[in-house]
Amino acid sequence: MQERDDPETIGRRVQHLRTERGLTQRQLAEPAYTPAYISTLEAGRVRASDEALRHIAGRLGIGFEELASGRPAHLATDLRLRLTEAQRTLATGAAEEAAKLYAALLAEAEAHGLAIEQATALLGLGECALDTGELGRAREFFERAEQRTAQEPLPVRVPAIRGRAVSHYLAGELRYAVYLLETTLDELNRGGLHDPDALLLLYASAIGPYMDMGAHARAAQAAELALALAPQAGDPALIARMHRSVARTLLAEGRAAEADASLAKAAELYRQLQLRTELANCHWMRGYVCAQNGELERAEAELREALAMLSETRAALYRSQAAVELADVLHRRGKSEEAAGLLHDVLGDFSSERGAVHAAAAHRLLGIIAEDARETEAAEEHYVRALSLLERAGAAGDLADLCRLLGDLLRRSGRVEAALDAYRTGLGHRTAPGTTTLGPAPAQPPL
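Residues numbered from 1 in each chain as written. Predicted model: local features only at pLDDT ≥ 70, side-chain atom pairs only at ≥ 80, totals over all residues. Heavy atoms only, no water.

## Regarding the overall build of the chain
The criterion, for reference: Each helix is a run of H or I in the DSSP string that is no shorter than four residues. Each strand is a run of E no shorter than two, and both are numbered from the N terminus. Whether a residue is buried, partly exposed or exposed follows from its accessible area with a 1.4 Å probe, protein chains only, as a fraction of its type maximum: under 20%, in between, or over 50%, in that order. Whether two residues are in contact is decided by their heavy atoms: any pair within 4.5 Å suffices. Note that accessible areas follow from Shrake-Rupley with a 1.4 Å probe, and for residues the cover is restricted to the protein chains shown.
Helices and strands together make up the secondary structure of the chain, namely 23 helices and zero strands. Looking at the chain as a whole, 51% of its 447 residues are labelled buried. For the chain, restricting intrachain contacts to residue pairs at least 6 apart in sequence, the fraction spanning at least 24 positions comes to 63%. When the accessible area of the chain is evaluated, it comes to approximately 20,200 Å², of which 50% is carbon and sulfur surface.

Here is the structure:
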């Protein structure tokens with residue numbers, strides 16, 4: 001059933017429009033209804049059927065939606081058209097410009113009580129905030145989007161849940177991010193809701209937190225599942241542009257339902273374009289696996305591909321994370337000068353509340369490079385800064401390894417007691433229940 005106002009509101013609207021057009025109740029009623037029925041309807045004492053409202057709307061010369069809800073004809077379709085424009089802007093990497101468009105569209109959707117369009121605008125604002133690194137605001141937008149779609153099926157709510165998880169992950173809250181993603185995956189797969197787009201979003205988003213928590217097997221599995229689910233499109237931007245143009249033409253001809261269908265296709269293609277960030281994570285994961293297997297040349301190629309994809313989307317924080325991984329491989333291939341330059345370029349993108357684990361990894365690697373150059377003081381400074389960042393994020397496995405590096409450095413410089421303290425700290429993190437303690441893996445989709 002289509003959304004409509006209460007009988008009293010519709011009755012007042014019918015009476016106002018009838019008198020404005022100089023029609024009698026009999027003229028409005030004939031030939032299908034009686035004047036008494038119109039009188040009862042105008043008084044708000046009967047809930048008119050859709051068939052009756054369509055008859056009355058036709059006599060009044062307006063659309064059914066405008067009579068039933070008070071919204072101007074084609075308002076929702078026009079709003080969706082402009083939401084795809086904002087999606088296109090965000091897909092090209094212009095996050096700040098897209099945010100302005102989404103904010104204006106949100107206000108308009110709220111003014112007319114369009115819940116789904118409100119949720120779409122809020123999701124867009126959340127994605128813009130993620131791209132610009134405003135994690136607190138992003139989380140707030142995603143929470144509001146989830147509230148607007150609370151009565152919708154789970155696949156509809158997945159983008160908002162995934163957005164919340166990513167904002168928690170980037171803030172260093174790894175366990176909670178994984179909890180959100182895994183419980184949603186489990187609910188989708190166990191409930192038979194095998195929506196490929198929803199699953200792709202969730203699996204691709206889980207790779208980063210899995211890696212930072214040391215759950216490498218789960219990260220590798222998630223990457224392969226994401227790539228298997230990834231939709232294929234020859235040129236999504238070109239096809240989306242065509243669908244937007246078609247929608248405009250159809251809308252001008254009054255063919256709103258067909259325009260809506262074209263807009264839905266355009267929106268899906270723009271969403272695929274935004275998935276370049278997620279697919280870049282899959283290349284990063286493959287690069288990591290290659291590096292672990294000693295295939296450093298292939299690892300470098302995969303990580304450079306990830307970095308190039310993220311640079312195209314201008315997702316600064318994600319790009320900086322990929323740069324840290326690439327720097328590690330470059331260092332192992334003997335390209336330490338290039339690695340150090342890459343790390344210094346991206347360190348400003350991180351903070352203790354924004355990408356803490358990768359900031360620590362950058363300082364750790366800079367410490368190793370400084371040690372190789374016999375710059376002991378600089379190396380110690382980098383290790384200590386990395387230690388502080390990892391303690392906040394609770395990345396136990398990385399902390400233990402870092403304490404070993406720091407202890408070795410202190411021992412070689414003759415500070416034996418300080419070295420012992422560092423080793424003890426590392427052992428404490430190694431034996432304590434850490435962030436890599438995960439429950440059973442979520443159920444898998446039938447691929």
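## Examining the pattern of salt bridges
The cut-off we apply is this: The working definition used for a salt bridge is a side-chain nitrogen of Lys or Arg within 4 Å of a carboxyl oxygen of Asp or Glu.
Taken as a whole, this structure holds 25 salt bridges when the rule is applied. In this structure, E42 engages R18 in a salt bridge whose closest nitrogen and oxygen atoms are separated by 2.6 Å. Of the two residues, E42 is situated in helix α3 (residues 35-42) and R18 in helix α1 (residues 7-20); the sequence distance between them amounts to 24 residues. The same class applies to E42 as to R18, namely buried. Among the ionic pairs, E127 bridges to R162, the shortest N-O distance being 2.6 Å. In this pair, E127 is assigned in helix α8 (residues 115-131) and R162 in helix α10 (residues 154-170), connecting sequence segments 35 residues apart. Judged by its relative accessible area of 4%, R162 falls in the buried class.

## Describing the nonpolar core
Put simply, the test is: Residue types Ala, Val, Leu, Ile, Met, Phe, Trp, Tyr and Cys, when buried and joined through side-chain atoms within 4.5 Å, form a set referred to as a nonpolar core.
Core analysis: the biggest nonpolar cluster contains 114 residues, and Y102, L130, Y203, I207 and Y383 have the highest contact counts within it. When residues in this core are grouped by element, the largest group, 12 residues, is from helix α12 (residues 196-213). Core analysis: the second largest hydrophobic core is formed by 17 residues, L17, L28, A29 and A68 among them.

## Observations regarding the packing of α8 against α10
A pair of packed helices can be characterised by two numbers: the angle between their axes and the separation between those axes. Keep this limit in mind: Structural elements are reduced to axes, namely lines fitted to C-alpha atoms, with helices fitted over the stretch in contact, and the angle between N-to-C directions of any two is expressed from 0 to 180 degrees. In these notes the angle categories are as follows: under 35 degrees is roughly parallel, over 145 is roughly antiparallel, 65 to 115 is roughly perpendicular, and the rest is oblique. In this scheme the handedness of a crossing depends on how the near helix is turned from the far one: anticlockwise by less than a right angle means left-handed, clockwise means right-handed. Under the scheme applied here, ten amino acids are nonpolar (Ala, Val, Leu, Ile, Met, Phe, Trp, Tyr, Cys and Pro), four are charged (Asp, Glu, Lys and Arg), and all others, including Gly, are polar.
At a closest axis distance of 11 Å, the pairing of α8 and α10 adopts a crossing angle of 20°. Comparing their axes, α10 and α8 come out roughly parallel. Note that α8 runs across α10; the crossing there is left-handed. Of α10, the residues touching α8 (which contributes L123, E127 and L130) are P159, A160, R162, V166, S167 and L170. Its residues assigned to classes, the contact of α8 with α10 comprises six nonpolar, one polar and two charged.

## Side note on the packing of helix α7 (residues 95-111) against α8
In contact at an axis separation of 8 Å, α7 and α8 are set at 155° when each is read in the N-to-C sense. In terms of orientation, α7 lies roughly antiparallel with respect to α8. The crossing of α7 and α8 is left-handed. Side by side, α7 and α8 meet where A95, A98, A99, Y102, A103, L106, A109 and E110 of the first sit next to E117, Q118, T120, A121, L122, G124, L125, C128 and D131 of the second.

## Examining the side chain of R164
Among the structural elements, R164 can be located in helix α10. Ignoring sequence-local partners within four residues, the contact set of R164 consists of R139, F142, E143, E146, Y176 and L180.

## Thoughts on the packing of aromatic side chains
How two aromatic rings sit relative to each other is set out by the distance from centre to centre and by the angle between their planes. Test applied: Geometry of aromatic contacts follows a simple scheme: Phe, Tyr and Trp rings, the Trp one being its six-membered ring, pair when their centres are within 6.5 Å, and the pair is stacked under 30 degrees between planes, edge-to-face over 60, tilted otherwise.
According to the stated counting rule, one finds two aromatic pairs in the structure shown. Ring centres of Y33 and Y37 lie 5.2 Å apart, and the angle between their planes is 20°; this geometry places the pair in the stacked category. For Y33, a relative accessible area of 23% puts it in the partly exposed group. Given a relative accessible area of 21%, Y37 falls into the partly exposed group. Seen in terms of ring centroids, Y176 and Y179 are 5.9 Å apart; in terms of plane orientation they differ by 25°. Their pairing is stacked. Of this pair, Y176 and Y179 both sit in helix α11 (residues 174-190), separated by three residues, roughly a single helical turn.

## Looking at the confidence of the model for the chain
Where we set the bar: Residue-level confidence of the predictor is what pLDDT reports, using numbers from 0 through 100.
Residue-level pLDDT values for the chain average 81, and 81% of them are 70 or greater. When mean pLDDT is taken per element in the chain, helix α9 (residues 135-148) scores highest with 94 and helix α14 (residues 236-252) scores lowest with 57. In this model residues 431-437 is a low-confidence stretch, pLDDT under 50, and it forms 10 contacts with partners more than four residues away in sequence or in other chains.

## A look at α9
Rules: By this rule, a helix spans an expected 1.5 Å times one less than how many residues it contains.
Taking 1.5 Å of rise per residue, 14 residues should cover 20 Å, and α9 covers 20 Å from first to last C-alpha, within 8% of that figure. Its buried side turned inward, α9 meets α8 and α10.

## Side note on the environment of I369
Its place among the elements puts I369 in helix α20 (residues 356-372). Between the C-alpha atoms of I369 and S336, which are 33 residues apart in sequence, the distance is 6.7 Å. What I369 contacts, discounting residues up to four positions off in sequence, is H331, S336, A339 and A340.

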